[in-house]
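Below, each chain spelled out in residue letters.
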Number of protein chains: 2
Amino acid sequence: MLISIRDIYQNPEELSKLEKIKVSGWVKTFSHKKKFIKINDGSTLDDLQIVISQNNFFQADLLKKINFASSLSVKGKLVLTSEREQPCELKEVEIEFVNSAEESYPLQKQNIPLKTVRDYPHLRTKTYYFLTLFRLRHSISKSIHDFFHQQGFYYVPTPIITSNDTEGAGETFNITTDEEEPFFSKPVKLTVSGQLQAEALAQGLGKVYTFSPCFRAEKSHTTRHLAEFWMVEPEMVFADLGEITDLAEKMVKYVINYILDNNGTELKKIENYDEENKKEIINELKNIVISEFERIDYTRAIEILKEKKENFVFNDIKWGMDLQSEHEKYLCQHFDNSPIFITDYPAGLKAFYMKNNPDEKTVACFDLLFPEIGELIGGSVREDNYNILQEKARKTGLDINNLSWYFDLRKYGYAPSAGFGLGLERLIMFISGTENIRDTIAFPRLHSKLSY
Amino acid sequence: MLISIRDIYQNPEELSKLEKIKVSGWVKTFSHKKKFIKINDGSTLDDLQIVISQNNFFQADLLKKINFASSLSVKGKLVLTSEREQPCELKEVEIEFVNSAEESYPLQKQNIPLKTVRDYPHLRTKTYYFLTLFRLRHSISKSIHDFFHQQGFYYVPTPIITSNDTEGAGETFNITTDEEEPFFSKPVKLTVSGQLQAEALAQGLGKVYTFSPCFRAEKSHTTRHLAEFWMVEPEMVFADLGEITDLAEKMVKYVINYILDNNGTELKKIENYDEENKKEIINELKNIVISEFERIDYTRAIEILKEKKENFVFNDIKWGMDLQSEHEKYLCQHFDNSPIFITDYPAGLKAFYMKNNPDEKTVACFDLLFPEIGELIGGSVREDNYNILQEKARKTGLDINNLSWYFDLRKYGYAPSAGFGLGLERLIMFISGTENIRDTIAFPRLHSKLSY
């Protein structure tokens, strides 16, 4: 019976009663003469210590093969060691399997600079740092699914291949085949957002969300952009701006609480990863779940910024301008370094599908800004008026005919609808205190670079 | 307070104590003079009856706007009606909002032929049939995530944009931009499977699974093929063929049990959808969870087929041939119409990455065949020998250089690994008794057709 190291640490007493258990993993460290070998199997960040004894003398050939990063299977007796840091270790072992790592293994040393590890995406899970990040990514994803399920939302698949461009931003990937004739009878692209289709599904299912890859052909080389990333896009009918911001706040807090409850080990690992530059993550997350996210409108935000204009590089603060990263950071600071919702931006700054406010200058939308990282979530109430919607799409330069199905939703018993988009990797960055977005996804896709 | 119809039916007694509740949804039916109106809000298949009274006389304008498929918000008093089929209805109502459906609404009638509904993917969730299917899809997806989480697997993101072709089958979509220079410095495609990258991640995380869209540019117009579909691909290290088939059996049974426990209403709806052609789904599913899936090897399967060769159109039964759909169906019948695993196929029929058996003729793989629908899952132990693996890839015609990272996994402490791929839509088809795969996904992508 193969037992995981997580199983062992969850239940050492029970398992120590068994005559022998089988454990497998990769060698992380070993002492001189390999008397003590620590292995990790990915099930937890904690390693298991294996004690090699005189009895393994007859296994000299296998013992010799054991080296750093080699894989290993052993049978042994689990012995409680309550006097020491780890609650147990494996003794009386019999080595069953060893596969050495060749000398060319590029991640030989512990604590290799991240910059180097990034060059080997296919080997990254062999390092504690990425084990930690991917365990967090798993938990964050799981808690998002749990949250929406509990709130009565349906998980829906929106298409990756589409002829629609939600944002009209133009930076899209085309899809073709080797044949001349278009496979789908018209030009198609990789989706930038599942929102338009999610809106259609919500007009019958009521509350839906997507959890899906999205794509932007941006030639950006910042630490915050990926060409391929995952978006979570809930959409709910009969909801207004108040309800949709409440949903966003509730979701973020649910996820953070889940991580605090289930991934303390991972958070501590990241806090202490760089000994010379320790991070404070757990307290920051705890502060967020107890804070109430302030809601201010764009017009008020501009007023606040005007009062402090001398602080900014971009200091020509006026109504109608796009908020720069320095402004967003300041606004969070202004409100106790807590996340804040900025609502009702000028229509000209936002997408065509957002509902016009009665003032005819702003739209019923929000950005949720987080301290340090800026925009985490953007959302809006959707324009419900067929003519206004079509006119706004036309002005954006979108192909009106291609979107006729989307406008038509407004004709057939349309229920007012609102939703938002969360960039999953941005949330992982925030929760894990990761500076570079490419560390939050297994095989990051970036301009001019792709090997896997 | 907006309350869902599901909330109401889960707790009618409590909610009937409130003075007024607010309910919203779409009009499904109404009686003469609109005295009784039934609405559905997508939260359940059950409609809620709203009783219009003399008191609504002053709301004549709003009442007039109510028509089939219109959206509607009302406030009213929930009244228990234990003497009738539905446990409650909404009385003393005040209509707050109505949005009519225009006359051109293409799904006016109830029970429109599926063929017609399929022409309007953006309106499909307004029909009970698709409400039912998408509720099932949600539950199936949820239970898959739950299952793997409980089994200690990590949900990992494998790339959609890739330069690797897992199967070497060639029917792939290319990705380009409007610029001449390749965005990623080399030609890239839409993935056909996340397996190769999942294998890499498992070499550190131990147990992983993907839940991700995959793509095939097949010009197939059958009821079983999509150009864009979702795959679930678990991969676990230190597992052999026995363990990976056990995992597949356990997963299928877990999902079916979840559906039987949570979606009885939906299953009954589908059983009775076509009154002249009722289906038997629930009993069939119950039989599957209590059956033990037989495991036979390909060689034995050929022997069984040989004995019955007179039954087949393709009756030149011999070792080395690919099993036809008629053969797969017969094999399931032969074993009490239960799902069966066929293992150890001839190497020539299977992908390059499958591990050679000691007989040097077959590979350590399996197909899980389901009665009627055929292959639901395919999996294997992965070839662990660097040289054999590379040679097999070369023979398949794959670009060896592009895959060097994949071969290299075998060099650095490789742990023996096995996994499988489940086509999500095929599983939904089976569980929901759906004949056409394009009904199981919200915006199906098929050759020569795409409008959304």
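Calculation criteria
Residues numbered from 1 in each chain as written. Chains lettered and ligands numbered in written order. Predicted model: local features only at pLDDT ≥ 70, side-chain atom pairs only at ≥ 80, totals over all residues. Heavy atoms only, no water. Pairing = 2+ DSSP bridges. Helix = DSSP H or I, 4+ residues; strand = E, 2+ residues; numbered from the N terminus. Contact = heavy atoms within 4.5 Å. Axes fitted to C-alpha atoms, helices over the stretch in contact; angles between N-to-C directions. Domains from an automatic or database assignment. Buried area = accessible area lost by both parts, 1.4 Å probe. Buried < 20%, exposed > 50% of the residue type's maximum accessible area, 1.4 Å probe, protein only. Parallel < 35°, antiparallel > 145°, perpendicular 65-115°, else oblique. Salt bridge = Lys/Arg side-chain N within 4 Å of Asp/Glu carboxyl O. Polar contact = N/O pair within 3.5 Å; in protein donor to acceptor, adjacent residues only side chain to side chain. Least-squares fit on C-alpha atoms with pLDDT ≥ 70 in both. Expected span 1.5 Å × (residues − 1).

**Regarding the sheet that holds strand 15 (residues 374-381) of chain B**
Residues and elements named next belong to chain B.
Here's step 1: Across the sheet, which stays open at both edges, the eight strands sit in the order 6-10-11-16-15-14-13-12 with mixed pairing between neighbours. Strands with a single pairing partner mark the edges of an open sheet, and in this sheet they are strand 6 (154-155) and strand 12 (294-297).
Here's step 2: Here strand 13 (residues 340-343) pairs with strand 14 (residues 365-370) via four bridges, running antiparallel. Looking at the pairing, isoleucine 342 lines up with aspartate 367 of strand 14.
Here's step 3: Seen against the sheet, helix 14 (residues 424-432) touches strand 10 (207-215), strand 11 (228-237), strand 14, strand 15 and strand 16 (417-423) and runs at an angle of roughly 55° to strand 16.

**A look at the domain arrangement of chain A**
Residues and elements named next belong to chain A.
Here's step 1: For chain A, the assigned domains read domain 1 (5-105) and domain 2 (121-440).
Here's step 2: A C-alpha centroid distance of 44 Å is found between domain 1 and domain 2.
Here's step 3: Contacts between domain 1 and domain 2 engage 10 residues on the former and nine residues on the latter.
Here's step 4: Across the domain 1/domain 2 interface, buried area totals approximately 850 Å², and carbon plus sulfur atoms make up 56% of it.
Here's step 5: It is Lys28, Leu45 and Tyr105 that lose the most area in domain 1 upon contact with domain 2, and together they represent 66% of the buried surface on that side.

**Comments concerning the environment of leucine 349 of chain B**
All names here are of chain B.
Here's step 1: With respect to the helices and strands, the residue leucine 349 is situated in the loop between strand 13 and strand 14.
Here's step 2: Assessed through its relative accessible area of 27%, leucine 349 is described here as partly exposed.
Here's step 3: Along the sequence, leucine 349 and leucine 323 sit 26 residues apart, while their C-alpha atoms lie 9.8 Å from each other.
Here's step 4: The contact partners of leucine 349, leaving out residues within four places of it in the chain, are Tyr298, Gly320, Met321 and Asp322.

**Some details on the packing of helix 10 (residues 298-307) of chain A against helix 11 (residues 325-334) of chain A**
Each pair of packed helices can be summarised by the angle the axes make with each other and by the distance between the axes.
All names here are of chain A.
Here's step 1: In contact at an axis separation of 11 Å, helix 10 and helix 11 are set at 90° when each is read in the N-to-C sense. On the basis of their axis angle, the class for helix 10 and helix 11 is roughly perpendicular. Every residue of helix 11 that contacts helix 10 at Ala301, Ile304 and Leu305 is listed here: His327, Tyr330, Leu331 and His334.

**Considering the interface of chain B and chain A**
Here's step 1: Taken together, the contacts link 103 residues of chain B with 103 residues of chain A.
Here's step 2: The contact between chain B and chain A buries some 8500 Å² in all, and 63% of this surface belongs to carbon and sulfur atoms.
Here's step 3: Where chain B meets chain A, there are four salt bridges.
Here's step 4: When the shortest N-O distance is used, the salt bridge between lysine 219 of chain A and glutamate 179 of chain B registers 2.5 Å.
Here's step 5: Our enumeration of links across chain B and chain A arrives at 44 residue pairs in polar contact (both at pLDDT 80 or more).

**Some details on the relation of the copies chain B and chain A**
Here's step 1: Least-squares fitting of chain B to chain A yields an RMSD of 0.1 Å, with the superposition described by an axial translation of 0.0 Å and a rotation of 180°. Each copy turns onto its partner about a two-fold axis. Taking the C-alpha atom as reference, chain B places isoleucine 175 of chain B closest to the rotation axis, 2.4 Å from it.
Here's step 2: Of the interface residues in chain B, 100% have counterparts in chain A that sit at the interface too, so the contact is made through matching surfaces.

**Side note on helix 7 (residues 241-262) of chain B**
Here's step 1: The first and last C-alpha atoms of helix 7 of chain B sit 32 Å apart over 22 residues, in line with the 32 Å expected at 1.5 Å per residue.
Here's step 2: At the N-terminal end of helix 7 of chain B, a side-chain oxygen is found 3.1 Å from the backbone nitrogen of glycine 242 of chain B, two or three residues along, and the residue is aspartate 240 of chain B.

**Focus on the pattern of salt bridges**
Here's step 1: A complete count under the given rule lists 50 salt bridges over all chains for this structure.
Here's step 2: Connected through salt bridges with shared partners, the residues Glu83, Arg84, Glu89 and Lys91 of chain A form a single ionic network.

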